Amino acid sequence: DALAELLRTMPKTELHIHIEGSLEPELIFELARRNGVALAYPDVDGLRRAYAFTDLQSFLDIYYAGASVLQTEADFFDMAMAYFRRAVADGVVHAELFFDPQTHTDRGVPFETVIRGLTRARETAQRELGLSSALILCFLRHLSEEAAFETLEEALPWRDHFVGVGLDSSERGHPPEKFAKVFARCRELGLRLVAHAGEEGPPAYVWSALDVLKVERIDHGVRALEDANLVQRLARDRVPLTVCPLSNVKLRVFDRLSDHNLGQLLASGLVATVNSDDPAYFGGYLHQNFVETFAALPALQAPQAYTLARNSIEASFAQASAKARWI
Ligand code: ES4
Ligand code: ZN
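Basis of the calculations
Residues numbered from 1 in each chain as written. Chains lettered and ligands numbered in written order. Predicted model: local features only at pLDDT ≥ 70, side-chain atom pairs only at ≥ 80, totals over all residues. UniProt positions renumbered as here; feature names shortened; annotations may be inferred. Pairing = 2+ DSSP bridges. Helix = DSSP H or I, 4+ residues; strand = E, 2+ residues; numbered from the N terminus. Axes fitted to C-alpha atoms, helices over the stretch in contact; angles between N-to-C directions. Buried ≥ 20, exposed ≤ 12 C-beta atoms within 10 Å, placed from the backbone. Contact = placed C-beta atoms within 7 Å. Left-handed = near helix turned anticlockwise from the far one by under 90°. Nonpolar A, V, L, I, M, F, W, Y, C, P; charged D, E, K, R; others polar. Near = placed C-beta within 6 Å. Right-handed = clockwise from strand over helix to strand, strands pointing away.

The chain appears in an unreviewed UniProt entry as Adenine deaminase from Caldimonas caldifontis. The annotation that UniProt attaches to the chain under Function (unreviewed entry) is "Catalyzes the hydrolytic deamination of adenine to hypoxanthine. Plays an important role in the purine salvage pathway and in nitrogen catabolism."

1. Digging into the sheet that holds strand β3 (residues 132-140)
If you trace the eight strands from one edge of the open sheet to the other, you get β1-β2-β3-β4-β5-β6-β7-β8, paired in parallel fashion. Of all the strands in the sheet, just β1 (12-18) and β8 (272-274) have a single pairing partner and so form its edges. When strand polarity is set aside, the average angle formed by the axes of neighbouring strands in this sheet is 25 degrees. Two elements, strand β6 (residues 217-220) and strand β7 (residues 241-243), share two bridges in a ladder whose sense is parallel. Across the sheet, residue Asp 219 finds its bridge partner in β7, namely Thr 242.

2. Details of the UniProt feature "binding site: Zn(2+)" (unreviewed entry) in the chain
Under the local residue numbering, the UniProt record ascribes the feature "binding site: Zn(2+)" (unreviewed entry) to His 16, His 18, His 196 and Asp 277. Maximum C-alpha separation among the annotated residues is 11.7 Å over a sequence range of 262 residues, consistent with a single clustered spot. Summarising the element assignment, His 18 is placed in strand β1. For His 18, a count of 29 C-beta atoms within 10 Å puts it in the buried group. Beyond its immediate sequence surroundings of up to four residues, His 18 is in contact with Phe 98, Asp 100, Asp 168, Asp 277 and Asp 278. Locating Asp 277 in the fold gives a position in the loop between β8 and α14 (279-282). In this structure, Asp 277 is in contact with His 16, Ile 17, His 18, Gly 21, Cys 244, Ser 247 and Phe 282, ignoring residues within four places of it in sequence.

3. What to know about unusual backbone geometry
The phi torsion at His 220 lies on the positive side, around 80 degrees, for a residue other than glycine. Summarising the element assignment, His 220 is placed in strand β6. For Arg 238, which is not glycine, the phi dihedral falls at a positive 50 degrees. On the secondary structure map, Arg 238 appears in the loop between α11 (228-236) and β7.

4. With respect to the pairing of strand β4 (residues 164-168)
A large share of β4 lies buried, amounting to five of its five residues. With burial as the criterion, each face of β4 is covered, one bearing Gly 164, Gly 166 and Asp 168 and the other bearing Val 165 and Leu 167. In this sheet, β4 lies alongside β3 in parallel orientation, the contact comprising five bridges. Paired with Cys 138 across the two strands is Gly 166, which belongs to β4.

5. Looking at the packing of helix α5 (residues 73-89) against helix α7 (residues 111-129)
Helix-helix packing is described using two parameters, namely the angle between the two axes and the distance between the axes. The geometry of α5 relative to α7 is characterised by a closest axis approach of 8 Å and an angle of 35 degrees between their N-to-C directions. Where α5 crosses over α7, the handedness of that crossing is right-handed. In this structure, α5 contributes Glu 73, Ala 74, Asp 75, Phe 76, Phe 77, Ala 80, Met 81, Phe 84 and Val 88 to the contact, and α7 contributes Thr 113, Val 114, Arg 116, Gly 117, Leu 118, Arg 120, Ala 121, Thr 124, Ala 125 and Leu 129. For the contact of α5 with α7, the class distribution of residues is 12 nonpolar, three polar and four charged.

6. Brief notes about the site of ligand 1
Neighbouring ligand 1 are the residues His 18, Gly 21, Leu 56, Tyr 63, Asp 168, Ser 169, His 196, Glu 199, Ser 247, Asp 277 and Asp 278. Of the residues that constitute the shell around ligand 1, the class distribution is two nonpolar, five polar and four charged.

7. Focus on the UniProt feature "binding site: substrate" (unreviewed entry) in the chain
Mapped onto this structure's residue numbering, the UniProt feature "binding site: substrate" (unreviewed entry) falls at Asp 278. Considering the arrangement of structural elements, one finds Asp 278 in the loop between β8 and α14. What makes Asp 278 buried here is the crowd of 25 C-beta atoms within 10 Å.

8. As for the pairing of strand β5 (residues 192-197)
Of the strand pairs in this sheet, β4 and β5 are connected by two bridges, and their pairing is parallel. Residue Val 165 lies in a different strand from β5, and its bridge partner there is Leu 193. This β-α-β element, β5 to helix α10 (residues 203-213) to β6, shows right-handed connectivity.

9. Focus: the environment of Leu 193
With respect to the element layout, Leu 193 can be found in strand β5. The partly exposed category is assigned to Leu 193, around which 19 C-beta atoms lie within 10 Å. For the pair formed by Leu 193 and Val 163, sequence separation is 30 residues and the distance between their alpha carbons is 8.9 Å. Each residue touching Leu 193, except ones within four places of it in the same chain, is listed here: Gly 164, Val 165, Phe 183, Cys 186, Arg 187, Leu 213, Lys 214, Val 215 and Glu 216.

Right, here's the structure in full:
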């Protein structure tokens, strides 16, 4: 229909996609065979059946197991190219990809292998698909701040290959302020800053992401609505929220898509965006997130579609000249 066509064709960015979460079961098995890695699942269907999550941690356990098949530069290239093709098909003009170096370096895969594969895919996507992109290095918050500093050291020779840093993995019990020093260092280095907060964690974690880490965007942030003062702060400073509706249902942040608060976030004047998070695990890529969410929430119509697309461009770290072209 006309709304679905608008949702697909309007120029938009994707700002919250973990590239390791785009690894489809078919590619997991292909890479396992290519690299001689043994998997705990007999076949693609058996693996897919394990994608029944009860919370963030139950997902992360399977997500890290899936990432274990990634070993060579070609693996990272193939994974990212598959995502870029799907993004272009969904009308994405610019994508900012999270990657988790510690998931790979802790298995003995060099940082250089990861960044070379992803960078070569970005260059190919720009050249062959006309797709703009950037990389955001995420620190795993269940590990120590010292480990994050070690990762930053390994990454610094590749400083020009990523635009910023983020914070992901298990939220509860790992508040943003645990990473105050490493984020301060990244800020001095001129890196852009984002953090997951208010997905499973309380509004207090959104406050400390803003006031201690000094992030420019909040990843998820849906629990911010529990705190009226926080909503006022986010609206006043136009801090973007990278919301991931299908993820929130799969990880039981909301029981049903019809319970999702995206409509309220927009009505409260927040700069919300729609994103896919881990599309291979959560039931679809960006367009699927848009069509299912718009179908479930009557408050979302064409005006909200335009607002979400414009928000995604405004909230991106792309150059101002590129943003002006897309709006
Ligand atoms: C993630 Cl949904 C989500 N939350 C936190 N960390 C993550 N890493 C990959 N997906
Ligand atoms: Zn995420």
